[in-house]
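Given next are the chains, with one letter for each unit.
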Amino acid sequence: MLKEIGVNAIGDFFAVIPAEYRLTGDLNIPRSYAESEIVEFFRDRAAENGQGYTSFLGGGAYSHYRPVVIDSLASRGEFFTAYTPYQPEISQGTLQAIFEFQTMICELTGMDVANASMYDGSTGAAEGLMMAVRVTGRHKSVIASTVHPEYREVIATYARHQGMPLTTAPYGKNGRVDLEALDRLIDNETAGVLIQSPNFFGVIEDIAAIADMVHKKGALLVVSIAEAISLGIVKPPAEADIVSMEAQSFGVPVGFGGPYCGVMATREKFIRQIPGRLAGETVDRHGKRGFVLTLSTREQHIRREKATSNICTNQALVALMCNIYMTIYGKQGLKELAQQNLAKAHYAAQQFKKSGARLLFEEAPFFNEFVIQTEVETKAINDRLLEQRIVGGLPLRKFYPEMGSASLWCCTETISRAVIDAVAVELEATTSKVEAAQEVAR
Amino acid sequence: MNSKIEKAATHINQNEGLIFEKSSPGKKAYKLPPLDVPEVNASALLGDTAREDLGHMPEVSEIEIIRHFTRLSTWNYAVDHGMYPLGSCTMKYNARVNELVARLGGLAEAHPYQPEKISQGALRIMKMLSEQLIEITGMDAITLQPAAGAHGEMTGILLVRAYLESQGNPRKKILVPDSAHGTNPATAAMCGYAVENLRSNSAGMVDIASLEAQVNEDVAALMLTNPNTLGVFEQEIHKIADVLHAKGALMYMDGANMNALVGKVRPGDFGADVMHLNLHKTFSTPHGGGGPGSGPVACKKILEPFLPTPVIFSKPDGTLGFDYDRPHSIGRVRMFYGNFGMFVRALAYIMANGPEGLRQTTEDAVLNANYIRKHLEGLYELPYKTPTMHEVVFSDKVQTKKGIRTGDIAKRLIDYGFHPYTVSFPLVVPGALMIEPTESESKEELDQFIDAMKNIADEAEKSPEVVTGAPYRTRLTRLDETAAARKPVLRWKPATRS
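Residues numbered from 1 in each chain as written. Chains lettered and ligands numbered in written order. Predicted model: local features only at pLDDT ≥ 70, side-chain atom pairs only at ≥ 80, totals over all residues.

## What to know about the overall build of chain B
Move 1: Looking only at helices and strands, one finds 15 helices and 12 strands in chain B.
Move 2: Reported as C-alpha extents along the three principal axes, the dimensions of chain B are approximately 75 × 70 × 50 Å.
Move 3: Per-residue burial over chain B gives 58% buried out of 498 residues.
Move 4: The long-range share in chain B, meaning contacts at least 24 apart out of those at least 6 apart in sequence, stands at 72%. (Helix = DSSP H or I, 4+ residues; strand = E, 2+ residues; numbered from the N terminus. Buried ≥ 20, exposed ≤ 12 C-beta atoms within 10 Å, placed from the backbone. Contact = placed C-beta atoms within 7 Å.)

## With respect to the overall build of chain A
Move 1: Helix and strand counts for chain A stand at 13 helices and 15 strands.
Move 2: Expressed as lengths along the three principal axes of its C-alpha atoms, the size of chain A is roughly 95 × 60 × 50 Å.
Move 3: Residues classed as buried in chain A amount to 61% of the 442 residues present.
Move 4: Intrachain contacts of chain A at a sequence separation of at least 6 include 73% that bridge at least 24 residues.

## Overview of the sheet that holds strand E5 (residues 250–254) of chain B
Residues and elements named next belong to chain B.
Move 1: Across the sheet, seven strands lie side by side as E1-E7-E6-E5-E4-E2-E3; this open sheet has mixed pairing. Every interior strand has two partners, whereas the edge strands, strand E1 (141–143) and strand E3 (194–198), have only one. Here the average twist between neighbouring strands, direction ignored, is 25 degrees.
Move 2: In this sheet, strand E4 (residues 219–225) lies alongside strand E2 (residues 173–177) in parallel orientation, the contact comprising three bridges. Counterpart to Ile174 in the pairing with E4 is Ala221.
Move 3: On the sheet, helix H7 (residues 183–190) packs against E2, E3, E4 and E5 and is oriented at approximately 175 degrees with respect to E2. (Pairing = 2+ DSSP bridges. Axes fitted to C-alpha atoms, helices over the stretch in contact; angles between N-to-C directions.)

## Observations concerning the packing of helix H12 (residues 406–415) of chain B against helix H13 (residues 443–462) of chain B
Residue and element names in this part refer to chain B.
Move 1: One can describe the packing of H12 onto H13 by two numbers: an axis separation of 10 Å at closest approach and a directional angle of 125 degrees. Regarding the angle of H12 to H13, the classification is oblique. Note that H12 runs across H13; the crossing there is right-handed. Counted together, Ile409, Arg412 and Leu413 of H12 and Ala452, Ile456 and Glu459 of H13 form the full contact between these two elements.
Move 2: Partitioning the contact of H12 with H13 into residue classes produces four nonpolar, no polar and two charged. (Parallel < 35°, antiparallel > 145°, perpendicular 65-115°, else oblique. Left-handed = near helix turned anticlockwise from the far one by under 90°. Nonpolar A, V, L, I, M, F, W, Y, C, P; charged D, E, K, R; others polar.)

## Describing the sheet that holds strand E11 (residues 422–423) of chain B
All names here are of chain B.
Move 1: Sheet architecture is open: three strands sit in the order E10-E12-E11, paired in antiparallel fashion. Looking at which strands have only one partner, the edges of the open sheet turn out to be strand E10 (392–395) and E11.
Move 2: Direction of pairing for E10 relative to strand E12 (residues 432–435): antiparallel, over a ladder of four bridges. Residue Ser395 lies in a different strand from E12, and its bridge partner there is Ala432.

## Considering the domain arrangement of chain A
How big an interface is tends to be stated in terms of accessible area lost as the parts join.
Residues and elements named next belong to chain A.
Move 1: For chain A, the domain assignment lists domain 1 (54–60 + 331–441) and domain 2 (68–325).
Move 2: When each unit is reduced to the centre of its C-alpha atoms, the spacing between domain 1 and domain 2 is 30 Å.
Move 3: Domain 1 puts 23 residues into the contact, and the matching count from domain 2 is 21 residues.
Move 4: Those elements that provide at least two residues to the side of domain 1 that touches domain 2 are helix H11 (316–354) and strand E12 (369–373).
Move 5: Classifying every residue of the side of domain 1 that touches domain 2 gives 14 nonpolar, six polar and three charged. (Domains from an automatic or database assignment.)

## Some remarks on the nonpolar core
Move 1: Cys322(A), Ala221(B), Met251(B) and Tyr252(B) are the most contacted members of the largest nonpolar core, which has 312 residues in total.
Move 2: In terms of residue count, H11(A) provides more of this core than any other element does, 22 residues in total.
Move 3: Sequence-distant contacts of Ala221(B), defined by excluding residues within four places in its chain, comprise Ile157(B), Val160(B), Ile174(B), Ala249(B), Leu250(B), Met251(B) and Tyr252(B). (Core = buried A, V, L, I, M, F, W, Y, C linked by C-beta atoms within 7 Å.)

## Digging into helix H12 (residues 378–387) of chain A
For an α-helix, 3.6 residues make a turn, and residues three or four places apart therefore share a direction.
Residues and elements named next belong to chain A.
Move 1: Along H12, the residues classified as buried are Thr378, Ile381 and Leu385. For H12, the buried positions fall inside an angular range of 70 degrees around the axis, keeping them on one side.
Move 2: Arg389 lies just past H12 and shows a positive phi near 60 degrees. (Arc of directions from axis to C-beta.)

## With respect to the domain arrangement of chain B
Move 1: When the domains of chain B are assigned, the result is domain 1 (98–350) and domain 2 (355–483).
Move 2: Each partner contributes residues to the interface: domain 1 of chain B has 18 residues there, and domain 2 of chain B has 21 residues.

## Description of the interface of chain A and chain B
Move 1: Listed per partner, the contact involves 158 residues of chain A and 160 residues of chain B.
Move 2: No other element matches H11(A), which puts 24 residues into the side of chain A that touches chain B.
Move 3: In terms of residue class, the side of chain A that touches chain B is made up of 76 nonpolar, 52 polar and 30 charged.

## Considerations on helix H6 (residues 121–136) of chain A
Residue and element names in this part refer to chain A.
Move 1: With 16 residues, H6 should cover 22 Å at 1.5 Å per step; its first-to-last C-alpha distance of 22 Å lies within 8% of that length.
Move 2: Among the 16 residues in H6, 14 count as buried, and that is most of the element.
Move 3: Following H6 by one or two positions, Gly137 has its phi on the positive side, about 75 degrees. (Expected span 1.5 Å × (residues − 1).)

## A closer look at the environment of Gly321(B)
All names here are of chain B.
Move 1: When you line up the elements, Gly321 lands in strand E9 (residues 320–323).
Move 2: With 16 C-beta atoms packed within 10 Å, Gly321 lands in the partly exposed category.
Move 3: Distance in space between the C-alpha atoms of Gly321 and Val311 is 8.3 Å, their sequence separation being 10 residues.
Move 4: Setting aside chain neighbours within four positions, we find Gly321 in contact with Glu116, Phe313 and Lys315.

## Notes on the pairing of strand E8 (residues 311–314) of chain B
Residues and elements named next belong to chain B.
Move 1: By the bridge criterion, four bridges tie E8 to E9 in an arrangement that is antiparallel. What sits directly across from Ile312, in E9, is Phe322.
Move 2: Here E8 folds back onto E9, and the loop between the two strands holds five residues, one of which, Gly318, carries a positive phi near 90 degrees.

Pasting the structure below:
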């Protein structure tokens, strides 16, 4: 090939790089590994991670059972080794799948249109508020303190240099955003109000009441959904203007935090302000139905600095997994699944309460997560549970110091009654120990 | 008209409607275990927030789902089918072992909030990947948090901004060459900067004189892709860096084209201050029909204090942990730690290659692009004669005389069994054909591609209507994109009876 091209050595192609910068030796990285060694290396790393633990962790990443069909289909090279469907004639598989995904997200969220995906729930929430700014021409945003703390951190990073002042609305005694405080924070310069439901405490917010409040002041309501399975049994946020969802629960591994699948949905009238890719229906020259990427004049490759977002690569393959998952469970299955999550979480909450833990926010409805407060530090309880190969609830002190020794517990359908009971026993043991100690102290 | 097509033949593939059109009540593809806790009454627990109905969600059986998505998959072209020379996207082979290791239970089922004590394997993977990417780029520090290239750009420019702010003035402008990806100006705008265009010279490179004229105390950084989108290495890269640094501005390098450099030269050595990598391009993590990606950002020491939280650190006892106490950090750009599954795949890729393999990869990618250039030059106009690195950009200037545009040639290439190149980009070349073969292609595959392109050039000359009517062998002919945008139909709706 070199001869045909007319060069003497491969090095000639790199002569354009100034000599002083050209590498003369090897990169200082390990030698090449055989496939068998690579598998062994990662098996060892997997073993260094905990395996075989039952986890009560949620907080934005949910461990649901993943039907095997998902990976059988998503592992087809035709899907995972393709790229963005810029050439629709040879990308109809991806495009039709996106169209079905968009449809199902609309059905579940009560919105009119949904995009092909965003990076994740946190960046999607930030983009949701940026969209509210574009639609309203206003600049300020209000975020409920019950929105995932890491989502709020991400939004703060995005907003800082875009002239988007943010304020945070506190939560009330029932674990929902404090409506009076929220009302005071919204003014005629507020573009968007962001809430999460079920919120970070697992509590379902009163979307209709908040939407009324927000709309009266001419702002848009952005609703973030972190636990997508909730949509099987919790009323969709149909009163919202923008829904930003994290669809990880739909068949995506928790995978140490990613890749996940954000998705944004909105009302028809805001369609030209939505970020990200959209698949739309059309016909070919013979009138046959087909799908294409559409409305791309919103996007960076056409509009450059005037685009709705800089997003290009999205989470397509993960969206495909979500799509397959939604198809497997469908209209009845998602409901039954959500029902099981609801039952497990309520059983656990009651058992933990009986064991002496204080159940917070009992007055408001919750889905599959709830907050308890304990006399002893969460870490002490969790350390003992870890010995039984149970990962306990998420300590909340780091995010909400005022809550003291509180923790967030998630019960998906994968948690068995036996494990819930085992935790209850442990809670009771620590509680009675504390009581005994207090007795001695008196 | 198809006699010269050797690589591809038509074959039967199945028709398939939308999943909603196959749905009927009572069909199901799931089975839940019996509930082992007491049943609850949802409407009693949830009150008026309870949901009754899931609308038009589908109800289908498992075999129908398997067939549905299998049939859809057969309508796609993918790297697994053949050469996918989409310029700037680096569509290389995705090794299967990477998929296997990313799905190992201990990694795929690790919760991001599980105790660090039982996350050491994941942390070690992140640390090893970080160290190796730092070595490959010649930088000092890195964050793996950004979810994709454009997200990495945003992170990098925020680092620049935070650094300049710490020096007293964040400045106002970002310079972006006219050949840049659209994400560059869009990113600069998201970070609160004005975008100023920088024209390239006749060799397709940054013009040092106009750069000198444009860089002043208002310029925060230049966002430079190197090799640029013409596949041309910026030979005066160190001078570019010097011009910027002399005025206190930084050099951001868009690492989209890093596949031309790995193991041969390191951006940190030639003056880049901060750059992103696309793990889904250079480091072979699959493109997945549009994502997921991963866009780590590597930087020089001066920018390290500003990296997103958390960063990995070694504890005194030798274990690894996350450090959240970073007072100068720009903050988080994503929840948790980034697209971890992509870190596993990228590390597996680097391990499979080793230092010699990575260098060879780069050499093969550049060799393949030059081979294509050599054989197609003359048939297609080569607007910039500057030496080619990993991708070559032609224009449709010759074919335009017969009314044929780059988009037509692309569609005809489909009939020959190839995915088209990148069409009409970079914008500096009117009617661009941007071809990036990657190292994955054999000489045989390249020769077939070259033959296809030669045949199309011939067809364009002799029977242009063949080219403008393409493709012929696909399920669908050209789709009406204008109609799609004029009256957008973005979701299925049940047929309404009038």
